[in-house]
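So the chains spell out like this:
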Amino acid sequence: MSAAVVIAASNLMPGLCGRLAQEGEDGEFLTFADTEPIQALQAILERRPRLIVLERLFAATPRGAALINRIRTDPQISGADVRVMSHSGDYVRQVSRSTIVEEPAPLEVASVLVGEDSAAVPVATGPPSDTPRELDWHGTRRAPRHRLRSGVEIQLDGNPVSIIDMSVVGAQVVSATILRPNQRVRVSVPTDDFVMRFRGTVAWAKFELPRPSESPRYRAGVEFNDADSAAMDSYCARHKA
């Protein structure tokens, strides 16, 4: 193991590195902005650093939690010292290998930077578990959900997404393209004879870092705003697992 990987917002990085130096950590620091979790993970897997430091604010975001869980469950880097630290003050927390970091509480909104955006955007931390929801994959208040066969895809704003489960009022999807809570999308559902098109709204979205053989992705719940219920029921019946 060599070097140390440090992940923080760009404006907080100097303070965090300065604090590490004050605590006796010297040598090479590989630094990554909080908008670069994928690049940070790649460096961690390739370099196997002795120390991995996540700035406290980043660690509290869905991306930070996903990265910590990915690190903690990978035996290749199990020997790394993983710490959550503030860029100022005395806060420090050691992350043990047995720790599985829960994402921020449901309905809480975390400000994270996405892609090249220069402003923070809200990213929901996942579907609420205690608050009643209308979307069917959290219950059957509106319509029964159906697990669909592997490989079934629809399009959101022209981008393909994989369907996990679906009802006549919504679907749980996995997407390589960024999806954000409250984002309005154009939904296209191909059939043998025609393409159903209607509007939808992203109800919740969660960033995921799966195993190295898989690409980063977004898991999201999409509510259908004006879909034809009979046509969607028929589609679900045809593609059920």
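Placed above this text is the structure.
Summary of the structure given here.

1. Quick word on the overall build of the chain
Reasoning step 1: Check the secondary structure of the chain and you find 5 helices and 14 strands.
Reasoning step 2: When each of the 241 residues of the chain is scored for burial, the buried share is 48%.
Reasoning step 3: Taking the contacts inside the chain whose residues are at least 6 apart along the sequence as the reference set, 61% of them involve residues at least 24 apart.
Reasoning step 4: Here the chain has roughly 12000 Å² of accessible surface; of this, 46% comes from carbon and sulfur atoms.

2. Overview of the side chain of His239
Reasoning step 1: Within the secondary structure, His239 is located in helix α5 (residues 229-239).
Reasoning step 2: In this structure His239 touches Leu148, Arg149 and Val152, once residues within four positions along its chain are discounted.

3. Comments concerning the sheet that holds strand β4 (residues 81-85)
Reasoning step 1: On the basis of which strands lie adjacent, the open sheet formed by 5 strands has the order β2-β1-β3-β4-β5 and mixed pairing. Strand pairing shows two members of the sheet lacking a second neighbour, β2 (29-33) and β5 (92-95), which therefore form its edges. This sheet shows a mean twist of 20° between the axes of neighbouring strands, independent of strand direction.
Reasoning step 2: Sheet topology places β4 next to β5; 4 bridges connect them, and they run antiparallel. Bridging from a neighbouring strand, Met85 pairs with Val92 of β5.
Reasoning step 3: In the packing of helix α2 (residues 37-47) onto the sheet, the strands contacted are β1 (4-8), β2 and β3 (51-55), and the crossing angle to β2 comes to about 155°.
Reasoning step 4: Together, β1, β3, β4 and β5 form the strand contacts of helix α4 (residues 62-72), whose direction differs from that of β3 by roughly 165°.

4. Structural notes on α5
Reasoning step 1: Every buried residue of α5 is listed here: Met232, Tyr235, Cys236 and His239. When α5 is viewed along its axis, its buried side chains cluster within an angular range of 95° and face the same direction. Facing away from the buried surface of α5 by more than 90 degrees, the exposed residues are Ala230 and Ala237.
Reasoning step 2: Capping the start of α5, Asp228 holds a side-chain oxygen 3.0 Å from the backbone nitrogen of Ala230, two or three residues further along.

5. Thoughts on the packing of aromatic side chains
Reasoning step 1: According to the stated counting rule, one finds 2 aromatic pairs in the structure shown.
Reasoning step 2: Look at Phe198 and Phe224: their rings are 5.0 Å apart centre to centre, the planes differ by 70°, and that puts the pair in the edge-to-face class. Of this pair, Phe198 sits in strand β13 (residues 195-208) while Phe224 is found in strand β14 (residues 217-224), placing the two residues 26 residues apart along the sequence.
Reasoning step 3: Taking the relative accessible area as the measure of exposure, Phe198 reaches 7% and is therefore buried.

6. Focus on the side chain of Glu208
Reasoning step 1: As for its placement among the helices and strands, Glu208 is situated in strand β13.
Reasoning step 2: Polar side-chain contacts of Glu208 include one of 2.8 Å to the side chain of Arg217.
Reasoning step 3: Side chain to side chain, Glu208 and Arg219 meet in a polar contact 2.7 Å long.
Reasoning step 4: Those residues in contact with Glu208 that sit more than four places away from it in its chain are Pro216, Arg217 and Arg219.

7. Some words on α4
Reasoning step 1: Extensive coverage of α4 is indicated by the burial of 11 of its 11 residues.
Reasoning step 2: The complete set of buried residues in α4 reads Pro62, Arg63, Gly64, Ala65, Ala66, Leu67, Ile68, Asn69, Arg70, Ile71 and Arg72.

8. What to know about unusual backbone geometry
Reasoning step 1: Non-glycine residue Arg48 carries a positive phi angle of around 45°.
Reasoning step 2: Within the secondary structure, Arg48 is located in the loop between α2 and β3.
Reasoning step 3: Arg48 gets classed as partly exposed once you look at its relative accessible area, which sits at 38%.
Reasoning step 4: Backbone geometry places Asn182, a non-glycine residue, at a positive phi of 70°.
Reasoning step 5: Mapped onto the elements, Asn182 comes out in the loop between β11 (170-175) and β12 (184-190).
Reasoning step 6: Overall, the relative accessible area of 62% leaves Asn182 in the exposed class.

Procedures and definitions
Residues numbered from 1 in each chain as written. Predicted model: local features only at pLDDT ≥ 70, side-chain atom pairs only at ≥ 80, totals over all residues. Heavy atoms only, no water. Helix = DSSP H or I, 4+ residues; strand = E, 2+ residues; numbered from the N terminus. Buried < 20%, exposed > 50% of the residue type's maximum accessible area, 1.4 Å probe, protein only. Contact = heavy atoms within 4.5 Å. Areas by Shrake-Rupley, 256 points an atom, 1.4 Å probe, with all protein chains shown as cover. Pairing = 2+ DSSP bridges. Axes fitted to C-alpha atoms, helices over the stretch in contact; angles between N-to-C directions. Arc of directions from axis to C-beta. Polar contact = N/O pair within 3.5 Å; in protein donor to acceptor, adjacent residues only side chain to side chain. Phe/Tyr/Trp six-rings, centres within 6.5 Å; stacked < 30°, edge-to-face > 60°.

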